[in-house]
Amino acid sequence: MSTLTEPPAPANGNAAGAGAGHGSAPVTGGPAGAGAAPRGTYADTAVITVTFVRLKLSLIRNGLRQTTGRKAGFISTAITAALIGALGLLGLLALSGNAHIAALSTVIVALTALTWAFMPLFLGASDETLDPGRLVMLPLSPRSLMTAQLAASVVGIGPIFTVMLVAGAALSTARGAGGYALAVVAIALILLTCTVASRAIATANARLLTSRKGRDLAILSGVVIALGIQGINLLVQKVAGDGGSGPLHTMADILRWLPPATAIEAVRAASAGSYGVAVTALAGTVAALSLLVWWWQRTLTRLMTSPDGSTIMAPDAGGKERRGRAAGEGGGLLARLLPAGRSGVVMERVLRYAWRDPKAKMSWAVAVGMGVTFPFIWAAQGSATVYHACWGAALLGLQMYNQFGMDYSAFWLITQTIHTKRDAYLELRGRLLAIALIGVPFTCVVVLVSAAVLDDWARTPDAMGLALALLGVLLGGGAVASVRFPYSIPQDNATRNVAAGQVSMVWYGVIGGVLASALLCGPLIGLTIWLNVSAAGWAWIVLPLGAGYGLAMAWAGLRWAAPRAADRLPEILAAVSKS
């Protein structure tokens, strides 16, 4: 709310009496003020609702005034959502009368509801409007606040897109006057259920979503959504490739009795004349909506009347903190496992960043998650080979690129400890070894998993050699790119991973480095192809050659980048500190 520059006037028209105004209704007891309307009246709720809608519109409008880039992003997103929503609506209406339209509509509505449920977990760390905890100090009753938040929730690009998609699903399923009448009711119920579910989940996790654990949950939900999209993609390909609709109807048979998809089942049943089934299905959606409203009101009341436990220190917190410091002074388990000296300290710092920093954790989670699932995805598509495991090594090797950007302005502390080229070499070596500590075993596991899934153990040695070579080349190239093409990763901006004006650095560093790595691995790839074509039985030699080649290329990249890093510390600091 602090971003508003044009806040609407208070409901009672008196800026000085916000605590005892006509449009307020305290949660707890106490006089409402002389001449004030009774608490919880419909007039109060209407005024508060209008105020919240105006606040939401002001937030959107003032957000667009900040930067040209944000305005362009919002406009392009709105146009894209409108086009996709319109195409979805027209496409579903064009399929009206198709034998599979009811099943397709059921699956679409279920996935839409799932997206709304995940949205507060995925956006809660960056979207302040999802945090009702910011409103607890205002004299508002839970019921009035719920109505106002619900009205504000249907203002925006997402709700409009949802209405278009849900309308297409419901209207394309409907037949006859009864079916179309029920379709209109179903559209409203589905939208209400989605928005109430989103707000209820956001309220239940309001204090969690603003913490580091909440950001971790957002990362996990993002990975789950990405993997879910891959699963849906495989399902669509399977249905299209086989020319059958068995998987689609199987999913629909399960989802049609899960709210709010039961509303589509009600439309289908009413269109077929089964009004008893229609009433039962529609009652399921209404019951789910009522349960969500009850849960939302209960959690919102608890949030508005209970203290924030995160600000209350436990009695033994001091003892735990002292024990934690003592363990840290002794080095801890992680420090004892790592090598001594500067490289070991750097390794520990990088690994802790990967575990604690939200953006670093997101990058690692995507790399590991995709590296593990790619073999199964390609195996399901029927086009997999054990050499596809090289993608896992590539995703981990890319973690070496732009090593200093994640430090942001704190990189100046590191520059104070680099006095010689040897110091720069140890700093870069520690960062490289931290990634290799996870990357090398991960690459080996991915290759073995791919061989097990495909039952192709004969090609495992040369595939592992290629993967290790690619990992080493990317690690060495990442050291070079980190020195020559550093760019800033703003830590206080959850929606931007590159500072303004530095997009070219990403292209030069990452894209150019990937192409260069492919070229550097060319001789080993050619040798592997020749050994497999000749059928001489010597393909296994690629394993030691690849491991040695990767090690040599990683060392060469470090030796080239270290002295230049020591000479370019001011330039690197200026690049990674840009906001």
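Read on for an overview of the structure. Nothing here was measured: the structure is a model prediction, and the numbers come from that model.

### Focus: the packing of helix α4 (residues 142-153) against helix α11 (residues 275-305)
Okay, step 1: As a packed pair, α4 and α11 sit with axes 10 Å apart at the nearest point and diverge in direction by 120 degrees. Every pair of crossing elements has a handedness; the one defined by α4 and α11 is right-handed. In this structure, α4 uses P142, R143, L145, M146, Q149 and L150 to contact α11, whose residues at the interface are V293, W296, Q297, L300, T301 and M304.
Okay, step 2: Along the lines of polarity and charge, the residues of the contact of α4 with α11 split into eight nonpolar, three polar and one charged.

### Re the environment of A183
Okay, step 1: Secondary-structure assignment places A183 in helix α6 (residues 176-204).
Okay, step 2: Between the C-alpha atoms of A183 and V267, which are 84 residues apart in sequence, the distance is 5.7 Å.

### Let's talk about unusual backbone geometry
Okay, step 1: Looking along the chain, the bond that leaves P259 and enters P260 is cis, with omega of 0 degrees.
Okay, step 2: The residue P260 is located in the loop between α9 (246-255) and α10 (262-271) in this model.
Okay, step 3: Of note in this structure, N402 is not a glycine but carries a positive phi near 55 degrees.
Okay, step 4: Secondary-structure assignment places N402 in the loop between α16 (390-397) and α17 (411-415).
Okay, step 5: Although it is not a glycine, D455 sits at a positive phi angle of roughly 55 degrees.
Okay, step 6: With respect to the secondary-structure elements, D455 resides in the loop between α18 (421-454) and α19 (460-484).

### Notes on the packing of helix α5 (residues 157-173) against α10
Okay, step 1: In contact at an axis separation of 8 Å, α5 and α10 are set at 20 degrees when each is read in the N-to-C sense. In this view, α5 runs roughly parallel relative to α10, as classed from their interaxial angle. Two packed elements cross with a definite hand, and for α5 against α10 that hand is right-handed. Where α5 abuts α10, its residues A169, A170 and T173 lie against I264, V267, R268 and S271.
Okay, step 2: Residue classes in the contact of α5 with α10 are distributed as four nonpolar, two polar and one charged.

### Some thoughts on the side chain of R256
Okay, step 1: The topology assignment puts R256 in the loop between α9 and α10.
Okay, step 2: Setting aside anything within four residues of it in sequence, one finds R256 in contact with T106, A261, T262, E265 and R268.

### Observations concerning the pattern of salt bridges
Okay, step 1: A complete count under the given rule lists eight salt bridges for this structure.
Okay, step 2: With a shortest N-O distance of 2.9 Å, E427 and R431 are connected by a salt bridge. Of this pair, E427 and R431 both sit in helix α18, four residues apart, which is roughly one turn of that helix. For the pair E427 and R431, a shared accessibility class is recorded, and that class is buried.
Okay, step 3: Between D456 and R459 there is a salt bridge, and its shortest N-O distance comes to 3.7 Å.
Okay, step 4: The class for D456 is partly exposed, based on a relative accessible area of 22%.
Okay, step 5: One salt-bridge network, in which partners are shared between bridges, spans R342, R349, D407, E427 and R431.

### Overview of the packing of aromatic side chains
Okay, step 1: One pass over the full model with this rule turns up two aromatic pairs.
Okay, step 2: A cation over a ring is seen here: R559 above Y425, with NZ or CZ 5.3 Å from the ring centre.

Quick notes on the rules
Residues numbered from 1 in each chain as written. Predicted model: local features only at pLDDT ≥ 70, side-chain atom pairs only at ≥ 80, totals over all residues. Heavy atoms only, no water. Axes fitted to C-alpha atoms, helices over the stretch in contact; angles between N-to-C directions. Helix = DSSP H or I, 4+ residues; strand = E, 2+ residues; numbered from the N terminus. Left-handed = near helix turned anticlockwise from the far one by under 90°. Contact = heavy atoms within 4.5 Å. Nonpolar A, V, L, I, M, F, W, Y, C, P; charged D, E, K, R; others polar. Parallel < 35°, antiparallel > 145°, perpendicular 65-115°, else oblique. Salt bridge = Lys/Arg side-chain N within 4 Å of Asp/Glu carboxyl O. Buried < 20%, exposed > 50% of the residue type's maximum accessible area, 1.4 Å probe, protein only. Phe/Tyr/Trp six-rings, centres within 6.5 Å; stacked < 30°, edge-to-face > 60°. Lys NZ or Arg CZ within 6 Å of the ring centre and 35° of its normal.

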